[in-house]
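Coordinate inspection notes
Below are the chains, spelled out letter by letter.
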Amino acid sequence: MSTDPDSWDRAALALRLLCVPDAGLGGAVIRMRAGPARDRVLAALEPLKMRKIHPTISDDQLFGGLDLAATLDSGHLIDNKSFFSSPCTVILTMAERCETDLAAKLAQQIDKDAGHMIIALDEGVEADEKTPSALAERLAFHIAPEGRMPDGWAPVPAGTPPLAPAKVTATPQDLETLTALAAVFGIDSLRAPWLALRVARAHAALHGRQAVSPDDLNVATELTYPHRA
């Protein structure tokens, strides 16, 4: 099996950006089959507070509700806490089997912009086996490295960047540039340039820049647009 080091390099950078605190990137679709390579990819996200869910999860389990067994046992009303009671990263396994209603509910949590992220583990093989678009379009990255993992591959070590992304400035021209590039890619969703701008800010913060640079815009475009084209 051949190796595409560029795709693995892009995957490593996307994983590092996901670990930048308060970047507002929404998360990522990771389209890989289960195995050692995917385990290595997920290991890069260990700094995040992650909780795993399955596409068959009930609303009570996901959003909280009455814990009937505990209530009957104690004689007092006891509620389960929502997964989203505090900012967290949710790993959605078998995302290609996620029903549209669950995808919509998870998308609503991302839209609240409360610091949540969704990592959708997509094991689909056929083109129609994929994460629902309502959820995928809210996630900044689509991580699907091609070929064999290069020897010695490892993502950039996570750590607190010297700047917070919110403190990185961007001009109206930066957003206009990203919007124009989205149009070139045939992307008609306004979420794409907004997510790309957040990626650019996170990349600038990672490198200690107080303002978005052309390099940050290029990286944001490469990581955010091709899979949406």
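Quick note: structure is the one above.
Below or above, wherever it landed, is the structure these notes cover.

1. Considerations on the state of the cysteines
Applying the stated criterion across every chain, the model contains 0 disulfides. C19 carries a free sulfur, and the closest cysteine sulfur to it, the one in C88, is 15 Å from it. Judged by relative accessible area, which is 10%, C19 ranks as buried. No disulfide involves C98; its nearest neighbouring cysteine sulfur is the one of C88, lying 16 Å away.

2. What to know about the sheet that holds strand β2 (residues 50-53)
Strand order in the open sheet formed by 5 strands is β2-β5-β6-β1-β7, and the pairing between neighbours is parallel. Across the chains shown, the open sheet's two edge strands, defined by having one partner strand only, are β2 and β7 (141-143). Geometrically, the sheet is characterised by an average inter-axis angle of 20 degrees between neighbouring strands, direction not taken into account. As defined by bridge partners, strand β5 (residues 89-92) adjoins strand β6 (residues 117-122) across 4 bridges and the pair is classed as parallel. When the bridges of β6 are listed, V90 appears paired with I118. The sheet strands contacting helix α1 (residues 5-18) are β1 (27-31), β6 and β7, and the helix crosses β7 at an angle near 135 degrees.

What counts and how
- Residues numbered from 1 in each chain as written.
- Predicted model: local features only at pLDDT ≥ 70, side-chain atom pairs only at ≥ 80, totals over all residues.
- Heavy atoms only, no water.
- Disulfide = S-S within 2.5 Å.
- Buried < 20%, exposed > 50% of the residue type's maximum accessible area, 1.4 Å probe, protein only.
- Pairing = 2+ DSSP bridges.
- Helix = DSSP H or I, 4+ residues; strand = E, 2+ residues; numbered from the N terminus.
- Axes fitted to C-alpha atoms, helices over the stretch in contact; angles between N-to-C directions.
- Contact = heavy atoms within 4.5 Å.

Shape descriptors only; they carry no functional weight alone.
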